[in-house]
Amino acid sequence: MILRTLCILAAVALTASGLSAQVEQVHIPKLHDVTGVAADDTLNIRAEPSGAAAIIGELGPFETGIEVTALNSSGAWGRIIAGETDGWVSMAYLSPRPFPSGGVPNGMRCYGTEPFWSLDFSDGMATYSEMGGAQPQTGPFFAARLYEVVSGFDIPLPNHDLSGVIEPASCTDGMSDRSFGWQLLLLARQGNDRHLLHGCCTLDQR
């Protein structure tokens, strides 16, 4: 039953994004660390992918765990989350980390609205929370790569069960100007009730 649910969700996600036909063309969001910046200097975050664009923030010379959610057409600039909006950083000063193997990457956080909810993955455990709802629920999750970089998971929780698929795709939360690099289709099951939720996810560790 779990495998069937995940396969259905994966088919829906892949059909919606066209990812099954163009995985190699999709930017896979990865974590990066600042490199090549002097200890007394900073790396500028700019409003657009250009050295002439306005500076809207900065990264420290030893900052780590920065998720690049997209690249510009030349690949010289990477888009990152900068507060409640997007910013661009020169890729010449970012060193990529290898993309983790296995199911859902450790530390991934997902969010959704209507209702507001969050889902955090850490050290083999998943925590699901709803704004104004009951206490957060935590339990082990079971995950696998269903298609290249598409992750499917199942989470049995005390009050209900969750199954979902996470894939690389541009995603917005509708509450800010931030652009995320992952989207989530989440099926919540409680008794005979079924609810399909959509959310955005991030690996950013800042």
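Computed from a predicted structure; not experimentally measured. (Residues numbered from 1 in each chain as written. Predicted model: local features only at pLDDT ≥ 70, side-chain atom pairs only at ≥ 80, totals over all residues. Heavy atoms only, no water.)

## Remarks on the overall build of the chain
A count of helical and extended segments in the chain gives 1 helix and 17 strands. Counting the 206 residues in the chain, one finds 46% classified as buried. Across the chain, every contact between residues at least 6 apart in sequence was considered, and the portion connecting residues at least 24 apart equals 52%. Roughly 10300 Å² of accessible area belongs to the chain as shown, and the carbon and sulfur atoms make up 53% of that amount. (Helix = DSSP H or I, 4+ residues; strand = E, 2+ residues; numbered from the N terminus. Buried < 20%, exposed > 50% of the residue type's maximum accessible area, 1.4 Å probe, protein only. Contact = heavy atoms within 4.5 Å. Areas by Shrake-Rupley, 256 points an atom, 1.4 Å probe, with all protein chains shown as cover.)

## Points about the environment of Thr-85
On the secondary structure map, Thr-85 appears in strand β7 (residues 85-90). Taking the C-alpha atoms as reference points, Thr-85 and Asp-177, separated by 92 residues in sequence, lie 4.5 Å from one another. Those residues within four positions of Thr-85 in sequence are excluded, and the remaining contacts are Ile-56, Ile-80, Asp-177 and Arg-178.

## Digging into the sheet that holds strand β1 (residues 30-34)
Pairing between sheet strands relies on hydrogen bonds along the backbone, with the strands arranged either parallel or antiparallel. Across the sheet, which stays open at both edges, the 3 strands sit in the order β4-β1-β8 with antiparallel pairing between neighbours. The outermost strands of the open sheet, each flanked by one partner alone, are β4 (66-68) and β8 (94-96). The mean angle between the axes of side-by-side strands here comes to 50°, regardless of whether they run parallel or antiparallel. With 3 bridges joining them, β1 and β4 adopt antiparallel strand pairing. Within β4, the residue paired with His-32 across the bridge is Ile-66. (Pairing = 2+ DSSP bridges. Axes fitted to C-alpha atoms, helices over the stretch in contact; angles between N-to-C directions.)

## So, the packing of aromatic side chains
What the rule picks out here adds up to 5 aromatic pairs. The interplanar angle of 25° and the centroid separation of 5.9 Å between the aromatic rings of Phe-99 and Trp-182 together place this pair among those described as stacked. In this pair, Phe-99 is assigned in the loop between β8 and β9 (109-112) and Trp-182 in strand β16 (residues 180-190), connecting sequence segments 83 residues apart. The partly exposed category is assigned to Phe-99, whose relative accessible area is 22%. Overall, the relative accessible area of 2% leaves Trp-182 in the buried class. Among the aromatic residues, those joined into a ring-pair cluster are Phe-121, Phe-141 and Phe-153. (Phe/Tyr/Trp six-rings, centres within 6.5 Å; stacked < 30°, edge-to-face > 60°.)

## Let's talk about unusual backbone geometry
Positioned with a positive phi, Asp-123 is a non-glycine residue whose angle comes to about 50°. Residue position: Asp-123 is located in the loop between β10 (117-122) and β11 (125-130).

## Regarding the environment of Ile-28
Tracing the chain through its elements places Ile-28 in the loop between α1 (2-17) and β1. Placed 121 residues apart in sequence, Ile-28 and Val-149 show a C-alpha to C-alpha distance of 7.9 Å.

## Here's the deal with the pattern of salt bridges
As enumerated under the stated definition, the model contains 5 salt bridges in all. Between Asp-161 and Arg-189 there is a salt bridge, with the nearest N and O atoms lying 3.9 Å from each other. On the criterion of sequence distance, the pair formed by Asp-161 in strand β15 (residues 161-171) and Arg-189 in strand β16 is long-range, its members being 28 residues apart. A network of salt bridges, in which partner residues are shared, links Asp-154, Asp-161 and Arg-189. (Salt bridge = Lys/Arg side-chain N within 4 Å of Asp/Glu carboxyl O.)

As far as function goes, none of this settles anything; it's purely spatial.
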